[in-house]
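Notes for the structure review
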Amino acid sequence: MTPFMNNLEVESYLKHELLRNTEACHESQIDKLLSWLCTAPKFTTFRVNTLVSTVDEVCEILAHHLYKQAAAHGNYPEIYNVTVHPKLPDTIVIGSMDKANIRPQGKEVIVDATCGAAVLRGAHVFAPGVMGMPAGIHCGDTVSVFADIVGQCKKGFQKPYAQGSRMFLGIGVVRMERKQLYAKDLKPAGVAIEMTATISGCPVIGANCLPSNLALLQNLPSIVCGHVLSPLQNEIILDMCAAPGNKTSHLAMLMGDQGIIIALDKTKSKVNNIVKRCQQFSLHSVHTFVCDSTKTIQKVADPCDPKERHNLVLQGPPFRPESFDRILLDAPCSALGQRPQLANRITVNQLRSYPPLQRKLFHSAVSLLKPGGTLVYSTCTVTVDENEGLVLWALEHFLNLELVPAEPLLGGPGLRRSGLTEEQRQCVQKFCPPIVGDDCDTDTVGFFIACFRKKMQFL
Ligand SMILES: C[S@@+](CC[C@H](N)C(=O)[O-])C[C@H]1O[C@@H](n2cnc3c(N)ncnc32)[C@H](O)[C@@H]1O
């Protein structure tokens, strides 16, 4: 099985792209990549709000919660390994259990592929994701949950779904019945099936596992990204594509909530999510604006007193060139690194649309960065054009930029023969096969991080 089982055009695009760029990359490695993308990472990571708690305290709360939950589900004594990451002092890692032997029980419920992927990462089933549920299921019943991996299941479907079209995910207890899910004019929300065990063995993380201001469920490479940017107290930071604000909130915590973070996103409803994320953690240093970040530069800018920089950026976009000490460009991307990919419907045209947008955003970033400043570019995808290709292009076009090691380096190097020199490959970090392993740094989502410094003086 591959995530592109219904999308051979994209699969062959990816194969062609990786093979063209890396003669050393054999087809078998690409198959390995595709099957890696189909499975869920074996580790769950939380980033702790270090402004209000310590990682040890949160570790203890999580471990206690998971122990109690396992006992309530009759899985006693089941103990998850909850530890602090050895190199990321604000990160908690929870290993999975071996649950490969779980078998279907009770009637079958079908959820859509997006919901199915979330379930394999440890989520409960939320009402909008439930596609098919047979009649006669009642609250409290134990059911088997399957994902629709062909995208053909109609909302409200009642019959058993064809074998080859579904994938078994795990077992759960029904909390919403058909009448609550499918009644006319109803937009149901909330948990429809409380998962008790999934084949991925990830801990099931419900809303009640922690007080919401203590920590955030976040993929490990996304946490690394904040540490690579490494913002300092009282600096002026720009987060160009910030919604829903997960990395923004990390940056604010790293700065002790002292300084200015300008968080932009082009969609208003998404900017509202950044605001909610900052309220969740009571952050005051973040200032949000709805804005197309390709159009953020003030055309005619009079010279200004550097002391005025604070007041000027707070007025919002457009900004004067060289306004920011550090910039995060967590770019919109094809998101192929999001594991597990159960059914991917991206088209080749969509894949091709990302690099031009990423370059436009990068142009703005370079202009807005002050000399000596740091720019971190990241994506949650695995294509060469959006990652190593972007770095190559940037180094060719911006002679005032230098590539610096994206430390702390937890991922592997950039792809061989992608055009990057050996030294440049070692500066970036890529979370993706062929570097795979059984630890939390390698068995994670696909991701890419590059770090640039703007030269102080460019002659
Ligand atoms: C990868 S997501 C960002 C995730 C975010 N950094 C986080 O960690 O929570 C990319 C975001 O870029 C936004 N976006 C896309 N094009 C944009 C543009 N031209 N200007 C600003 N934001 C844009 C999307 O709305 C999306 O929210």
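Residues numbered from 1 in each chain as written. Predicted model: local features only at pLDDT ≥ 70, side-chain atom pairs only at ≥ 80, totals over all residues. Heavy atoms only, no water.

**Looking at the packing of helix α10 (residues 348-368) against helix α11 (residues 388-397)**
A pair of packed helices is captured by two measures, namely the crossing angle of their axes and the spacing between those axes. Running from N to C, α10 and α11 cross one another at 45°; their axes reach a closest spacing of 11 Å. As the angle between them shows, α10 and α11 are arranged oblique. Read as a crossing pair, α10 and α11 show a hand that is right-handed. For the pair formed by α10 and α11, the contact residues are Q358, R359, F362 and H363 on the first element and L390, W393 and A394 on the second. Its residues assigned to classes, the contact of α10 with α11 shows 4 nonpolar, 2 polar and 1 charged. (Axes fitted to C-alpha atoms, helices over the stretch in contact; angles between N-to-C directions. Helix = DSSP H or I, 4+ residues; strand = E, 2+ residues; numbered from the N terminus. Parallel < 35°, antiparallel > 145°, perpendicular 65-115°, else oblique. Left-handed = near helix turned anticlockwise from the far one by under 90°. Contact = heavy atoms within 4.5 Å. Nonpolar A, V, L, I, M, F, W, Y, C, P; charged D, E, K, R; others polar.)

**Structural notes on the pairing of strand β18 (residues 447-454)**
For β18, the buried fraction is high: 7 of the 8 residues fall into the buried class. For strand β15 (residues 369-379) and β18, the ladder comprises 6 bridges, and the chain directions are antiparallel. Its bridge partner lying in β18, T374 is registered against R453. The pairing of strand β16 (residues 401-404) with β18 spans 4 bridges and is antiparallel. Residue pairing in the sheet places L403 in a bridge with F452 of β18. Pairing between strand β17 (residues 429-431) and β18: 3 bridges, direction antiparallel. The residue bridging F431 from the neighbouring strand is F447, located in β18. (Buried < 20%, exposed > 50% of the residue type's maximum accessible area, 1.4 Å probe, protein only. Pairing = 2+ DSSP bridges.)

**Some remarks on the sheet that holds strand β2 (residues 82-84)**
Across the sheet, which stays open at both edges, the 4 strands sit in the order β2-β3-β1-β10 with antiparallel pairing between neighbours. For this open sheet the edge positions go to β2 and β10 (215-217), each flanked by a neighbour on one side alone. Going from strand to strand, the sheet's axes swing by 30° on average, the running direction of each strand aside. In this sheet, β10 lies alongside strand β1 (residues 43-48) in antiparallel orientation, the contact comprising 3 bridges. Each bridged residue has a counterpart across the sheet, and for R47 the counterpart in β10 is L216.

**Observations concerning the state of the cysteines**
One pass over the structure, following the stated rule, counts 0 disulfides. This cysteine, C291, is not joined by any disulfide, and C241 carries the nearest cysteine sulfur, 9.6 Å off. The buried category is assigned to C291, whose relative accessible area is 9%. Summary of cysteine pairing: C333 is not part of a disulfide, and the nearest cysteine sulfur, belonging to C380, is at 3.6 Å. By relative accessible area, C333 is classed as buried at 11%. (Disulfide = S-S within 2.5 Å.)

**Some words on the site of the ligand**
Within the structure, the ligand sits among 18 residues, and N246, D265, D292, S293 and D330 are positioned closest to it. A distance of 3.1 Å separates a nitrogen atom of the ligand from a polar atom in the backbone of C241. Contact between the ligand and K247: an oxygen atom at 3.0 Å from a side-chain N or O atom of the residue. Compared with its free state, where it exposes 600 Å², the ligand has 88% of that area covered by protein. (Near = heavy atom within 4 Å. Polar contact = N/O pair within 3.5 Å; in protein donor to acceptor, adjacent residues only side chain to side chain. Areas by Shrake-Rupley, 256 points an atom, 1.4 Å probe, with all protein chains shown as cover.)

**Topic: the pairing of strand β13 (residues 286-290)**
Regular strands show a simple pattern: their side chains alternate between the two faces of the sheet. Looking at chain direction, strand β12 (residues 260-265) and β13 are connected through 5 bridges and run parallel. Its bridge partner being in β13, L264 is matched across the sheet by F289. Between the parallel elements β12 and β13, the chain passes through helix α8 (residues 268-280) in a crossover that is right-handed. (Right-handed = clockwise from strand over helix to strand, strands pointing away.)

**Section: the UniProt feature "binding site: S-adenosyl-L-methionine" (unreviewed entry) in the protein**
The positions UniProt marks with the feature "binding site: S-adenosyl-L-methionine" (unreviewed entry) are C241, A242, A243, P244, G245, N246, K247, D265, D292 and D330. With respect to the secondary-structure elements, A242 resides in the loop between β11 (236-239) and α7 (246-254). Owing to a relative accessible area of 6%, A242 belongs among the buried residues under this scheme. Those residues in contact with A242 that sit more than four places away from it in its chain are T248, A263, L264, D265 and I274. (UniProt positions renumbered as here; feature names shortened; annotations may be inferred.)

**Topic: the packing of aromatic side chains**
Applying the stated criterion to the full structure yields 8 aromatic pairs. Considering the side-chain rings of F146 and F168, the 5.4 Å spacing of their centres and the 50° angle between planes classify their relative orientation as tilted. In this pair, F146 is assigned in strand β7 (residues 142-148) and F168 in strand β8 (residues 166-174), connecting sequence segments 22 residues apart. You'll find F146 and F168 in the same group, each marked buried. Ring plane angle 85° and centroid distance 5.1 Å describe the contact between F319 and F324, whose orientation is recorded as edge-to-face. Note on accessibility: F319 and F324 belong to one class, buried. By the ring-pair criterion, three or more aromatic residues cluster together here, those being F362, Y377, W393, F398 and F452. In this structure, R166 packs its charged tip against the face of F146, placed 4.0 Å from the ring centre. Seen from the ring of W36, R339 lies directly overhead, with NZ or CZ sitting 4.1 Å from the centre. (Phe/Tyr/Trp six-rings, centres within 6.5 Å; stacked < 30°, edge-to-face > 60°. Lys NZ or Arg CZ within 6 Å of the ring centre and 35° of its normal.)

**Examining the domain arrangement of the protein**
We note that the domain assignment places domain 1 (43-97 + 207-215), domain 2 (107-198) and domain 3 (219-454) within the protein. Using only C-alpha atoms to locate each centre, domain 1 and domain 3 end up separated by 28 Å. With 19 residues of domain 1 at the interface, the matching set in domain 3 holds 22 residues. Interface of domain 1 and domain 3: buried area, both sides summed, is about 1,500 Å²; carbon and sulfur atoms make up 65% of it. Here domain 1 is connected to domain 3 by 0 salt bridges. The class makeup of the residues in the side of domain 1 that touches domain 3 is 9 nonpolar, 7 polar and 3 charged. (Domains from an automatic or database assignment. Buried area = accessible area lost by both parts, 1.4 Å probe. Salt bridge = Lys/Arg side-chain N within 4 Å of Asp/Glu carboxyl O.)

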